[in-house]
Amino acid sequence: MTNIDYDILIIGGSITGYQAALTATRLHAKVALIVSADFSHNYNSNYQYVLSEITQQSRNLEKLGIYATNIHLNRESLDWTKGLSYAHAVTKNLDQINSLSNLAAQGVDIIIGNGQFQSSPKLSFTVNKRRLYSRTYLLANGSRPLVPDIPGLDTIEYLTLANIWQSLETTTLPKNWVILGGVPQSIEIAQILARFGCQVTLIVKHSHILPHLDAEIAQLLIAQLEVDGVRVLTQTQVTQVRHIDNKKWVQAGNQAMETDEIFIATGQQPNLEYLNLPAVGVKWHQHRLVVNEKLQTTNHRIYACGDVLGGYDIQNIGNYEANIAIKNALFFPRLKVNYESVPWGIYSQPQVAQVGLTEIQAKNRYSQNQVLVFNQYFKTATAAQIQGEITGICKLIVLDNGKILGCSILGIAAGELINLISLAISQNIKVQHLAKLSPIYPSFSEIIIETAREWHRQRINKNHTFSELLLSFFNYRRDWNL
């Protein structure tokens, strides 16, 4: 009989793997986290969040006419070196908070090395010439940039999400950029660079920058990018790149453009190849692991979560999957993923956030007569007026019985507002109950509440009998003698 070393063994040093290990050890399970020997504990997205916030604060001050002494806060005058240095400091602090040493102090065994699964004599994982046995295993080893097959790309230097911030810390900020790919990170970085005075062209091969985003919100996002100076080319295929006279050239459609730097963010590729997964019956297809609703792979003892599954690298979705996978792996596999109540967003300015069904998806799933769409604009909110951030829209998708199907928001604090709708959907709270909230004034929450109250107004207006009854009631009361 083989001794079991761990209740769960987690492969991967991603932040999703970190969160999974933390969840498991807090449940008093015996946990090991396998971290690749070449792993760098640096979550690049933190740079984007901090730099985006810096540019937004500067822009707000400029719009309000508030300037520091002798400093003109336009895009060209923002100090890139200081901004990057501040982002590095914040990221370093967060790395310390989420460090492997902190995880080890809470009881997780940290094992550094590259390993692979073994099927004989029993399912195990070998690392550093040591064979480890666990009741269950979790793949949370993340992904790496997927580089497209473009003629000439292998002859030049380019940047990806894996190395962009490390590279920019050691070089002068290039002025001209071509960015390939329509993923959340490419949009965030394109806007950041443009607001720091760079000339940026964003090239997307699809008709929309983000196919899963509400079409109207996507158009508004493109408009904002163009206002910030980003040139957006949709439905455009890059056919070749060249290096001519020490300059980089990109052929996009029928246009040839010279650029200082090329950044590629067309997608991610799961880190699967070195794990010997076929030997233990784990299948994947077209850069996606095959998993069921309980996040089990085709080997029922091996689970997976995060961007190793494929798709966008969105941290809160990875954490949601990690929580379900850990509980299924440690206890009874009964929990199922339901992404309709899990929000996702883009840290653009204004922010974009979405949860549940879009308007088109809802009308395709239900009868068009059943689906109601309510819009509320940020310019109507006191908090937005005070901060000078009136660009934005909240779209709430509701069934005629009040069930909330989804919400798409573009505007300041969208990432916070969407959480309220996410909670309502997950707890099956209908829109009529949401409309009863009385948020602190002024706050951005009033946008959500006013959007929800549109349901009441439309119900009253559609019900002619009830409307006439109300009119008759108040006419009757006005005739009373006080």
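Just so we're clear, the structure is a prediction, and the values are computed from it rather than from any experiment. (Residues numbered from 1 in each chain as written. Predicted model: local features only at pLDDT ≥ 70, side-chain atom pairs only at ≥ 80, totals over all residues. Heavy atoms only, no water.)

Caption draft 1: The overall build of the protein chain, seen in detail. On a plain count of helices and strands, the protein chain comes out with 14 helices and 25 strands. Each principal axis of the C-alpha distribution contributes one length, and for the protein chain these read about 95 × 65 × 45 Å. When burial is assessed residue by residue, the protein chain has 49% of its 482 residues classed as buried. In the protein chain, 65% of the contacts between residues at least 6 apart in sequence involve partners at least 24 apart. For the protein chain, the exposed surface amounts to about 23,800 Å²; the carbon and sulfur share of it is 50%. Side-chain charges in the protein chain split into 40 positive and 37 negative, and the spacing between the mean points of these groups amounts to 9 Å. (Helix = DSSP H or I, 4+ residues; strand = E, 2+ residues; numbered from the N terminus. Buried < 20%, exposed > 50% of the residue type's maximum accessible area, 1.4 Å probe, protein only. Contact = heavy atoms within 4.5 Å. Areas by Shrake-Rupley, 256 points an atom, 1.4 Å probe, with all protein chains shown as cover. Lys, Arg positive; Asp, Glu negative; His and termini not counted. Charge placed at Lys NZ, Arg CZ, Asp CG, Glu CD.)

Caption draft 2: Spotlight on the sheet that holds strand 13 (residues 238–244). Pairing within the open sheet is antiparallel, and its three strands lie in the order 13-14-15. In this open sheet, the two strands that pair with only one neighbour each are strand 13 and strand 15 (255–259). Averaged over all neighbouring strand pairs, the angle between strand axes comes to 20°, with direction disregarded. With five bridges connecting them, strand 14 (residues 247–252) and strand 15 associate as antiparallel partners. The partner of W249 across the bridge, within strand 15, is E258. (Pairing = 2+ DSSP bridges. Axes fitted to C-alpha atoms, helices over the stretch in contact; angles between N-to-C directions.)

Caption draft 3: The arrangement of unusual backbone geometry in detail. Backbone torsion omega between Q349 and P350 reads 0°, so that peptide bond is classified as cis. A cis amide bond, omega -5°, links Y441 with the succeeding residue P442. Here P442 lies in the loop between helix 12 (431–434) and helix 13 (445–462). The phi dihedral of N428 falls on the positive side, at around 55°, and the residue is not glycine. Summarising the element assignment, N428 is placed in the loop between helix 11 (414–426) and helix 12. Given a relative accessible area of 54%, N428 falls into the exposed group.

Caption draft 4: Quick peek at the pattern of salt bridges. All chains considered together, the criterion is met by 11 salt bridges. Measuring nitrogen to oxygen at the nearest pair gives 2.8 Å for the salt bridge that ties K395 to E359. Highlighted residues: K395 in strand 24 (residues 393–399) and E359 in helix 9 (residues 359–365), separated in sequence by 36 residues. For K395, a relative accessible area of 2% puts it in the buried group. Here the salt bridges share partners, and the residues they tie into one network are D214, E216, E359, K363 and K395. (Salt bridge = Lys/Arg side-chain N within 4 Å of Asp/Glu carboxyl O.)

Caption draft 5: Main features of the nonpolar core. Membership of the largest hydrophobic core comes to 49 residues, with the highest contact counts inside it found for I10 and F117. At the level of secondary structure, the elements contributing two or more residues to this core comprise strand 1 (6–11), helix 1 (15–26), strand 2 (31–35), strand 5 (124–127), strand 7 (134–139), strand 20 (302–304) and helix 8 (315–330). Leave out the neighbours within four places in its chain, and I10 touches G17, A20, A21, V31, A32, L33, I34, L138, A140 and I326. (Core = buried A, V, L, I, M, F, W, Y, C linked by side-chain atoms within 4.5 Å.)

Caption draft 6: Here's a closer look at the packing of aromatic side chains. Evaluated as defined, the whole model comprises seven aromatic pairs. Between W80 and F196 the ring centres are 5.0 Å apart and the planes differ by 85°, which places this aromatic pair in the edge-to-face class. Here the residue W80 occupies a position in helix 3 (residues 80–97), and F196 occupies one in the loop between helix 6 (184–195) and strand 11 (199–203), the gap between them amounting to 116 residues. Classification of F196 as buried rests on a relative accessible area of 3%. These aromatic residues form a ring-pair network of at least three members: Y47, W80, W165 and F196. Positioned above the aromatic ring of Y6, the side-chain terminus of K30 is 5.6 Å from the ring centre. (Phe/Tyr/Trp six-rings, centres within 6.5 Å; stacked < 30°, edge-to-face > 60°. Lys NZ or Arg CZ within 6 Å of the ring centre and 35° of its normal.)

Caption draft 7: The arrangement of helix 1 in detail. For helix 1, which comprises 12 residues, the first-to-last C-alpha distance of 17 Å matches the rise-based estimate of 16 Å (1.5 Å per residue) to within 8%. Taken across its 12 residues, helix 1 has nine buried, putting it largely inside the fold. Along helix 1, the residues classified as buried are I15, T16, G17, Y18, A20, A21, L22, A24 and T25. Structurally, helix 1 contributes buried residues whose contacts are with strand 1, strand 2, helix 3, helix 4 (100–105), strand 7 and helix 8. One or two residues past the end of helix 1 sits H28, with phi positive at roughly 70°. (Expected span 1.5 Å × (residues − 1).)

Caption draft 8: Looking closely at the environment of E293. Assignment of secondary structure puts E293 in the loop between strand 19 (288–289) and strand 20. Using a relative accessible area of 46% as the deciding quantity, one classes E293 as partly exposed. In the structure, E293 is positioned 62 residues away from V355 in sequence and 19 Å away in space, judged by C-alpha atoms. When residues no more than four places from it in sequence are discounted, the contact partners of E293 are L335, K336 and V337.

Caption draft 9: View of the sheet that holds strand 10 (residues 176–180). With parallel pairing, the five strands of this open sheet are ordered in space as 9-16-10-11-12. Each having just a single partner strand, strand 9 (159–160) and strand 12 (230–233) make up the two edges of the open sheet. Sitting on the sheet, helix 7 (residues 215–227) touches strand 11 and strand 12, and the angle it makes with strand 12 is about 140°.

Caption draft 10: Highlighting the confidence of the model for the protein chain. Summary statistics for the protein chain give a mean pLDDT of 88 and a share of 91% for residues scoring 70 or more. Per-element mean pLDDT across the protein chain ranges from 68 in helix 14 (residues 464–478) up to 98 in strand 20. (pLDDT = per-residue confidence, 0-100.)

Caption draft 11: Up close: the environment of L33. As for its placement among the helices and strands, L33 is situated in strand 2. In this structure, the C-alpha to C-alpha distance between L33 and L9, residues 24 residues apart in sequence, is 6.2 Å.

Caption draft 12: Geometry of a nonpolar patch on the surface. A surface patch of nonpolar side chains, amounting to about 350 Å² of accessible area, comprises L27, F331 and F332. As for its placement among the helices and strands, L27 is situated in the loop between helix 1 and strand 2. (Patch = residues over 30% accessible without salt bridge, like charges linked within 9 Å, V, L, I, M, F, W, Y side chains within 5 Å.)

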